[in-house]
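Descriptive analysis of the structure
What follows is the residue order along each chain.
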Protein chains: 2
Amino acid sequence: MKVSRERAAENRERVLDVASRLFREKGIDGIGVANLMKEAGLTHGGFYGSFASKAALAAEACERAGEQSVRRWRRIIDGARERGEDPYVALVKAYLCVAHRDNPGRGCMFTTLAAEAPRQEPELREALNANLHGLLELLVEVAPGADTAAREARAQITLSTMVGALMLARTMPDAAQSENLLATARASLIAEHGGEVR
Amino acid sequence: MKVSRERAAENRERVLDVASRLFREKGIDGIGVANLMKEAGLTHGGFYGSFASKAALAAEACERAGEQSVRRWRRIIDGARERGEDPYVALVKAYLCVAHRDNPGRGCMFTTLAAEAPRQEPELREALNANLHGLLELLVEVAPGADTAAREARAQITLSTMVGALMLARTMPDAAQSENLLATARASLIAEHGGEVR
DNA sequence: ATTATCTATAGATCTATAGATAATGC
DNA sequence: ATTATCTATAGATCTATAGATAATGC
C-alpha cells in the first residue's frame, strides 16, 4: 500500500504533529512509537522510513513545538498592537488562562517537557533552549522597563512566573483555587506594567 | 538471608529514600524497580514485601519528599529569625541558588515531578497538592504584605516565580546565563520585600 | 514457625529491524 | 525499478509473582 511522494510527506508531517502533542501530554517516555503511529493512522514499522529513531522524532517535534510557540506569541503581540492594546498584557493574559492550563498538549513546552529534558538527547535540549531565548526575545520587546537591562530582567521574571504559575495551577485539584492562582499571577504581572506597582 | 525486624524497617526506609531521590532525578518512568532496589543494596524480588506496587512507592516517596521539603523551609525560617535576618529573603536565597539548581534529586518536587503528576495515581497527586499548600502556608507567614490577602497573593507569586526560574535556569546550557537568571529572579523577589519596589 | 530476602520467570511492552507487498513514477 | 508502508519478530526491559532459602524470634 504505497502512497504518493506528496502523501508520504503529509504523513510525516502528521506524525510530527501528533508527536508534538502526545509528548507534551504524556511525556516522552509515556507514549511508544507504535501507539503514536496508530494515532497518526499508520503502522508501527512505517515509522523508521521517516525518522532515524524515537529520540530524533522527539527532538524534531520539540523544535516544531518551539517554533509554533514563538509564532503564536508573535501573532498575539501583533494582534494586540493592531487593536491598540498593550502586547505585554495580551501575552500574560493568553498564557495564564484556563484554556492553556487544560491543554498541555498544545501549550508551552517548559511546563510539560523541561523536567525530563536533561535526560534527553542534546538536540532536544537545544530545541528547548532555542525556544527559551525566542520567547525571552519577544518579551524583552514588549515588557515594561526604563531601559533594555530593566526589560531583560522583567522578561526573565515574567516568563519564570508564568511557567511556575501554570504548573502550580495544574497541580491544584480544586478548580476555584487553581483559577485564583492564575488570576493572582496575572494581576501581579500586569500591575508591573508601566514599571511601578500601585 | 533473612534480617531482623529492625533491619527490615531500615531497609524499607532506605528504599524510600533512594526512591525519593531517583524519581526526582530520572522521573517516575525513568527508573525501574530492579535498579532502584540495586541502588538500595537489595534485590528486585524483595521489593514487594515492603510495597504493594511501584505506584504505591512513588506516592509514599513523594509524601516523604514533600514533608522533608516543608521541614527544610521551616528550619530556614527559624534559623533566619534566630540570626535576626529576614526569613522571606532567606527562603528565596536558599531556593534560587546554584546548589539547588544542580541537585534536582534532593530539591523541590514541583520542578521535577509536577509535569508527570497528572499521569500518576491520585495518591501521588495528593502528595504534591499537600506539599504545595504546606509551602504556601509557610510563605504566607513570612511574605511581605499589608494584610493577609496581600501576603497570600505574594506567596503564590513568589512560589510560582521560584519554581519557574529554577526550571528555566536548568534549561540553559550556558552557566553564566543560567546564574544570571537565578540572580535576576532572586533580586526581583527580594526587592518586593516591604511591599514596594524601589 | 515465621518471615525478610533471594532466584527465577511469566507476561506485557518497547525500540528497532528484516523482508514482503503494492502503488508510484520514470 | 523504486519506495512508502505493512506484517512479523528479535532482543531488551519492565512490573509483578511464585517458590526457595535461611536467619529471626517465639
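First things first, this report covers the structure right here in the doc. Model, not experiment: these values are computed from the prediction. (Residues numbered from 1 in each chain as written. Chains lettered and ligands numbered in written order. Predicted model: local features only at pLDDT ≥ 70, side-chain atom pairs only at ≥ 80, totals over all residues. Heavy atoms only, no water.)

**Some remarks on the overall build of chain A**
Each helix and strand in chain A was counted, giving ten helices and zero strands. For chain A, the spread of C-alpha atoms along the principal axes amounts to about 65 × 35 × 30 Å. Classification of the 198 residues of chain A by burial places 49% in the buried group. For chain A, contacts bridging at least 24 residues in sequence account for 63% of all contacts bridging at least 6. When the accessible area of chain A is evaluated, it comes to approximately 9,300 Å², of which 49% is carbon and sulfur surface. Side chains of chain A give 27 positive and 27 negative charges; the mean places of these two sets differ by 5 Å. (Helix = DSSP H or I, 4+ residues; strand = E, 2+ residues; numbered from the N terminus. Buried < 20%, exposed > 50% of the residue type's maximum accessible area, 1.4 Å probe, protein only. Contact = heavy atoms within 4.5 Å. Areas by Shrake-Rupley, 256 points an atom, 1.4 Å probe, with all protein chains shown as cover. Lys, Arg positive; Asp, Glu negative; His and termini not counted. Charge placed at Lys NZ, Arg CZ, Asp CG, Glu CD.)

**Digging into the interface of chain B and chain A**
Taken together, the contact pairs 39 residues of chain B with 39 residues of chain A. Between chain B and chain A lies a buried interface of about 3,100 Å² when both sides are counted; carbon and sulfur atoms form 66% of it. Considering only the side of chain B, the residues that lose the most area to chain A are R119, Q156 and L168 of chain B, jointly responsible for 18% of the buried surface there. Scanning the region where chain B abuts chain A turns up zero salt bridges. Elements represented by at least two residues in the side of chain B that touches chain A include exactly α1 (5-26), α7 (110-113), α8 (122-142), α9 (148-171) and α10 (175-191) of chain B. It is α9 of chain B that provides the largest number of residues to the side of chain B that touches chain A, a total of twelve residues. (Buried area = accessible area lost by both parts, 1.4 Å probe. Salt bridge = Lys/Arg side-chain N within 4 Å of Asp/Glu carboxyl O.)

**Focus on the protein's contact with DNA strand D**
The environment of DNA strand D is formed by 21 residues, the closest being N11 and T43 of chain A together with V33, Y48 and K54 of chain B. Within 4 Å of the protein, atoms of DNA strand D come from sugar and phosphate in 66% of cases. Broken down by secondary-structure element, the contributors of at least two residues to the surface near DNA strand D are α1 (5-26) of chain A together with α2 (33-39) of chain B. Partitioned by chemical class, the residues of the surface near DNA strand D number seven nonpolar, ten polar and four charged. (Near = heavy atom within 4 Å. Nonpolar A, V, L, I, M, F, W, Y, C, P; charged D, E, K, R; others polar.)

**Notes on the side chain of T111 of chain A**
Looking at the element boundaries, T111 of chain A is found in helix α7 (residues 110-113). Here T111 of chain A falls in the buried class, since its relative accessible area comes to 2%. In terms of polar contacts, T111 of chain A uses its side chain to reach the backbone carbonyl oxygen of C108 of chain A, at 2.8 Å. In this structure the side chain of T111 of chain A is engaged in a polar contact, spanning 2.9 Å, whose partner is the side chain of R170 of chain A. Here T111 of chain A is in contact with Y95, V163, L166, M167 and R170 of chain A together with A115 of chain B, once residues within four sequence places are set aside. (Polar contact = N/O pair within 3.5 Å; in protein donor to acceptor, adjacent residues only side chain to side chain.)

**Topic: helix α4 (residues 54-82) of chain B**
Compared with an ideal rise of 1.5 Å per residue, which puts 29 residues at 42 Å, α4 of chain B spans 42 Å between its outermost C-alpha atoms and is within 8% of the ideal. Just downstream of α4 of chain B lies G84 of chain B, where phi reads positive at about 75°. (Expected span 1.5 Å × (residues − 1).)

**Considering a negative patch on the surface**
All names here are of chain A. Taken together, E63, E67, E121 and E123 make up a surface patch of like negative charges. Among the secondary structure elements, E123 is positioned in helix α8 (residues 122-142). Overall, the relative accessible area of 46% leaves E123 in the partly exposed class. (Patch = residues over 30% accessible without salt bridge, like charges linked within 9 Å, V, L, I, M, F, W, Y side chains within 5 Å.)

**Some remarks on the protein's contact with DNA strand C**
Near DNA strand C, the surroundings consist of 21 residues, among which V33, Y48 and K54 of chain A together with N11 and T43 of chain B are the closest. Atoms of DNA strand C within 4 Å of the protein belong to the sugar or the phosphate in 64% of instances, the rest to bases. Taking Y48 of chain A, its side chain carries an N or O atom lying 2.9 Å from a phosphate oxygen of DNA strand C. In the model, a phosphate oxygen of DNA strand C is placed 2.7 Å from a nitrogen or oxygen of the K54 of chain A side chain. Of all elements in the fold, only α2 (33-39) of chain A together with α1 of chain B reach the threshold of two or more residues within the surface near DNA strand C. Classifying every residue of the surface near DNA strand C by side-chain character gives seven nonpolar, ten polar and four charged.

**Concerning the nonpolar core**
The biggest cluster of nonpolar side chains holds 123 residues, and the ones touching the most others in it are L159 of chain A together with L159 of chain B. When sequence neighbours within four positions are dropped, the list of residues in contact with L159 of chain B reads L168 of chain A together with W73, L132, L135, L136 and L139 of chain B. (Core = buried A, V, L, I, M, F, W, Y, C linked by side-chain atoms within 4.5 Å.)

**Observations concerning the packing of aromatic side chains**
According to the stated counting rule, one finds six aromatic pairs over all chains in the structure shown. On the basis of an interplanar angle of 25° and a centroid distance of 5.3 Å, the ring pair of F47 of chain B and F51 of chain B is categorised as stacked. Both residues of the pair, F47 of chain B and F51 of chain B, belong to the buried class. Geometrically, the ring pair formed by W73 of chain B and Y95 of chain B is edge-to-face, given 6.3 Å between the ring centres and 85° between the ring planes. In this pair, W73 of chain B sits in helix α4 while Y95 of chain B sits in helix α5 (residues 87-95), placing the two residues 22 residues apart along the sequence. Residue W73 of chain B is classed as buried on the basis of its relative accessible area of 6%. What links up through ring pairs into an aromatic cluster is the set F47, Y48 and F51 of chain A. (Phe/Tyr/Trp six-rings, centres within 6.5 Å; stacked < 30°, edge-to-face > 60°.)

**Observations regarding the packing of α4 of chain B against α5 of chain B**
Residues and elements named next belong to chain B. Orientation of α4 relative to α5, taken along the N-to-C sense of each, is 130°, at an axis distance of 8 Å. As judged from the angle between their axes, α4 and α5 are oblique. Between α4 and α5 lies a crossing whose hand is right-handed. Between α4 and α5, the residues in contact are R72, W73, I76, I77, A80 and R81 and P87, A90, L91, A94 and Y95, respectively. Of the residues belonging to the contact of α4 with α5, the class tally is nine nonpolar, no polar and two charged. (Axes fitted to C-alpha atoms, helices over the stretch in contact; angles between N-to-C directions. Parallel < 35°, antiparallel > 145°, perpendicular 65-115°, else oblique. Left-handed = near helix turned anticlockwise from the far one by under 90°.)

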